[in-house]
Amino acid sequence: MKEKITGSEALMRALKAEGVKTIFGYPGGSIMPVYDALYDYTRGEKKAFDHILVRHEQGATHAAEGFARVSGEVGVALVTSGPGATNTLTGVADAMLDSTPIVVIAGQVPIGALGTDAFQEVDLVGLAQPISKWSYQIRHAEDIAWAVSRAFYIAKSGRPGPVVLDFPKNAQTEKVEFEPVKADFVRSYVAYPKLDTKLVEKAAQLINDAKKPLALVGQGVELGNAQEELKAFLEKADIPAGRTMLGLSALPSSHPLNVGMLGMHGNYAPNLKEQQCDVLIAIGMRFSDRVTGNLKTYAKQAKVIHLDIDKSEIDKNVKTDVAVVADCKESLPAITALLKKNSHQEWKDSFNPLAEREKEKVIEPAIHPTEGPLLMGEVVNAVAEATKGDAVLVTDVGQNQLFATRYFKFNKKRSICTSGGLGTMGYGMPAAIGATFGAPDRTVVCFMGDGGFQMNIQELGTIMEQQSAVKMIMMNNNYLGNVRQWQDMFFERRKSFTRMMNPCYELIAKGYGIPYEAVTDRSTLKAAVERMLATEGPFVLECAILEDDNILPMTPPGMDVDKMMLEI
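Note that this is a predicted model, so its numbers are computed, not measured.

1. A few points about the overall build of the protein
Scanning the protein for helices and strands turns up 24 helices and 20 strands. Along the longest, intermediate and shortest principal axes, the C-alpha atoms of the protein span 75 × 60 × 45 Å. Here the protein holds 568 residues, and 60% of them are scored as buried. Long-range pairs, those at least 24 residues apart, make up 77% of the contacts in the protein with a sequence separation of at least 6. Only carbon and sulfur atoms are counted for the fraction: they give 52% of the accessible area of the protein, which is about 22900 Å². Charge-centre separation for the protein: the mean point of 61 positive side chains lies 4 Å from the mean point of 69 negative side chains.

In structure tokens, the structure reads:
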């Protein structure tokens with residue numbers, strides 16, 4: 001007769017079978033049997049996991065996201081029912097919009113109590129279904145092995161995303177004969193569409209005939225581990241490439257075909273050239289409104305080729321001429337094999353005057369000012385120069401995010417963690433914690449504004465306990481800066497509730513035992529950054545920023561993408 005174990009023990013074995021090493025979590029009543037089983041799996045002979053005790057369940061999901069982004073593995077969050085479960089929903093939605101593979105396991109009241117408004121009962125599956133890739137309630141212990149394996153398969157296969165498992169207490173305590181299961185198929189779910197060779201040929205022909213091709217590189221290249229395939233594709237056809245915010249590290253910043261970041265606050269040249277190219281090749285990106293601007297006028301002159309693993313993205317926003325639905329690690333080399341070796345020097349050279357104009361009008365004044373208070377651009381640039389493009393960049397949301405993504409440099413793949421689709425303030429600090437566990441051998445720098453820093457400030461406790469080596473650069477302008485900029489530009493400078501009364505961050509850092517330094521003058525910035533990077537473990541560097549520092553260029557919302565403003 002086979003050994004019978006509890007459902008909680010079965011969960012531990014199922015997670016171990018999936019190769020899980022790190023769990024971000026917060027215990028509570030409805031998940032207590034699981035935490036009791038976890039005790040033995042975090043120490044002694046049975047040790048299999050590191051459990052990171054966060055200070056808020058939202059922090060657990062963002063930490064799982066950061067872990068997943070830099071490692072390429074599935075991030076795991078473990079929480080209790082009721083408020084513990086609902087606190088994860090922002091992170092679940094964030095992971096869904098940014099295609100981040102995480103599995104959230106939440107306790108639940110016993111199935112006999114479901115529907116009775118029991119203490120801390122909430123319909124988690126109903127809440128999570130619209131914002132997750134799959135949500136499922138494990139009602140009995142016998143379903144654990146199947147559900148966990150299926151959850152990890154769905155989360156990481158195809159277009160990745162979040163999965164939520166609702167785990168009633170009865171299933172945690174029931175006895176079961178555990179047998180590991182390996183899911184590799186789900187009926188009606190086609191994770192990897194079959195490559196259509198005829199469409200590959202059409203795409204290659206359009207590219208071969210193009211005089212002014214432009215590639216738009218998205219996070220799909222990173223998710224598909226197709227960075228080398230991308231370079232081979234671009235180099236053979238000599239195609240300039242703009243990158244989305246989430247796709248920034250898919251192509252090294254120094255690559256000669258990299259022409260900058262796309263989008264509302266991206267670089268001037270690629271945004272204008274989207275309206276001049278004759279063939280537009282979108283690779284693993286979803287034509288976000290922050291990239292396209294006014295869809296009625298976007299790239300109407302161009303033939304559009306869209307490479308994406310998710311069929312639902314095709315023609316959703318931008319009408320395509322050729323759509324190749326497949327994993328880009330497969331579609332890119334298939335197209336490359338049919339491309340002729342080409343040169344588009346005149347077309348590439350046409351980007352240079354626009355880049356020079358932006359450099360003169362925006363970049364140089366932002367990163368090399370000579371007077372006045374500190375600017376965000378020069379702070380980001382100082383950290384970028386000191387880390388030489390080898391660090392992992394984590395950002396919060398707002399001006400700090402936009403300056404950081406514009407001026408940071410990337411040499412290595414999977415080097416950016418930021419909230420793109422949902423724009424979640426409070427993402428930065430916990431995501432950076434997760435990144436230190438996902439890439440323990442790399443420097444992790446996290447840029448935050450004074451608003452975002454306080455959104456999940458309790459995670460300083462997690463950093464303190466774990467001594468997570470997060471280098472936190474808090475750019476303090478005493479405002480919710482991005483909203484303040486929009487108020488100045490579009491609401492007649494009526495600054496409605498964007499001014500921040502801030503605490504003494506030095507005392508807060510001291511309370512958590514985290515080294516701290518303040519920079520109020522640019523003459524001390526470089527040395528302070530060097531001291532931060534030389535310090536083992538975490539560090540808070542507070543920079544006093546010009547209050548009305550603005551992020552430029554900017555395409556106003558709803559405007560044509562080539563109507564970028566270089567000044568206000």
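Having seen the structure, we can now continue with the description.
2. Some remarks on the pairing of strand β20 (residues 539-544)
The buried count for β20 comes to five of six residues, which makes it a mostly enclosed element. Two elements, strand β18 (residues 470-476) and β20, share six bridges in a ladder whose sense is parallel. Counterpart to M472 in the pairing with β20 is V540. Across four bridges, the pairing between strand β19 (residues 516-519) and β20 is parallel.

3. Focus on the packing of aromatic side chains
Here a ring pair, both rings aromatic, is described through the centre-centre distance and the interplanar angle of the planes. Scanning the model with the defined rule gives 14 aromatic pairs in all. Judged by centre distance (6.1 Å) and plane angle (65°), the ring pair of F24 and F67 falls under edge-to-face. With F24 in strand β2 (residues 22-25) and F67 in helix α3 (residues 57-71), the pair connects residues that are 43 residues apart, well separated along the chain. Relative accessible area serves as the criterion here: at 9%, F67 is assigned to the buried category. Through pairs of rings, three or more aromatic residues link up here, namely F24, F67 and F437. Lying across the ring of Y39, R43 places its NZ or CZ 3.8 Å from the centre. The ring of F351 is capped by K273, whose NZ or CZ atom sits 5.6 Å from the centre of that ring.

4. Description of the sheet that holds strand β4 (residues 75-79)
With parallel pairing, the six strands of this open sheet are ordered in space as β3-β2-β4-β5-β7-β6. Two strands bound the open sheet, and with one partner strand each, they are β3 (50-53) and β6 (134-137). Each strand axis lies, on average, 20° off the axis of its neighbour in the sheet, ignoring direction. Packed on one face of the sheet, helix α5 (residues 89-97) meets β5 (102-108) and β7 (162-168) and runs near 150° to β7.

5. Here's the deal with unusual backbone geometry
Residue P553 follows L552 across a cis peptide bond; omega there is 0°. Tracing the backbone shows P553 in the segment after β20. For K388, which is not a glycine, the phi torsion comes out positive at approximately 55°. Along the chain, the position of K388 falls in the loop between α17 (376-387) and β15 (392-395).

6. Concerning α5
Residues of α5 that are buried include every one of L89, G91, V92, A93, D94 and A95, and no others. Of the surrounding elements, those touching the buried residues of α5 are α3, α4 (83-86), β5, α6 (124-128) and β7. S99 lies just past α5 and shows a positive phi near 55°.

7. Regarding helix α22 (residues 481-490)
For an α-helix, the turn length of 3.6 residues means that residues three or four places apart are oriented alike. All of the buried residues along α22 are G481, R484, Q485, Q487, D488 and M489. Of the surrounding secondary structure, the elements contacted by the buried residues of α22 are α18 (399-407). Remark: E492 follows α22 within two positions and exhibits a positive phi of approximately 55°.

Conventions adopted
Residues numbered from 1 in each chain as written. Predicted model: local features only at pLDDT ≥ 70, side-chain atom pairs only at ≥ 80, totals over all residues. Heavy atoms only, no water. Helix = DSSP H or I, 4+ residues; strand = E, 2+ residues; numbered from the N terminus. Buried < 20%, exposed > 50% of the residue type's maximum accessible area, 1.4 Å probe, protein only. Contact = heavy atoms within 4.5 Å. Areas by Shrake-Rupley, 256 points an atom, 1.4 Å probe, with all protein chains shown as cover. Lys, Arg positive; Asp, Glu negative; His and termini not counted. Charge placed at Lys NZ, Arg CZ, Asp CG, Glu CD. Pairing = 2+ DSSP bridges. Phe/Tyr/Trp six-rings, centres within 6.5 Å; stacked < 30°, edge-to-face > 60°. Lys NZ or Arg CZ within 6 Å of the ring centre and 35° of its normal. Axes fitted to C-alpha atoms, helices over the stretch in contact; angles between N-to-C directions.

That's the geometry; what it means functionally is another story.
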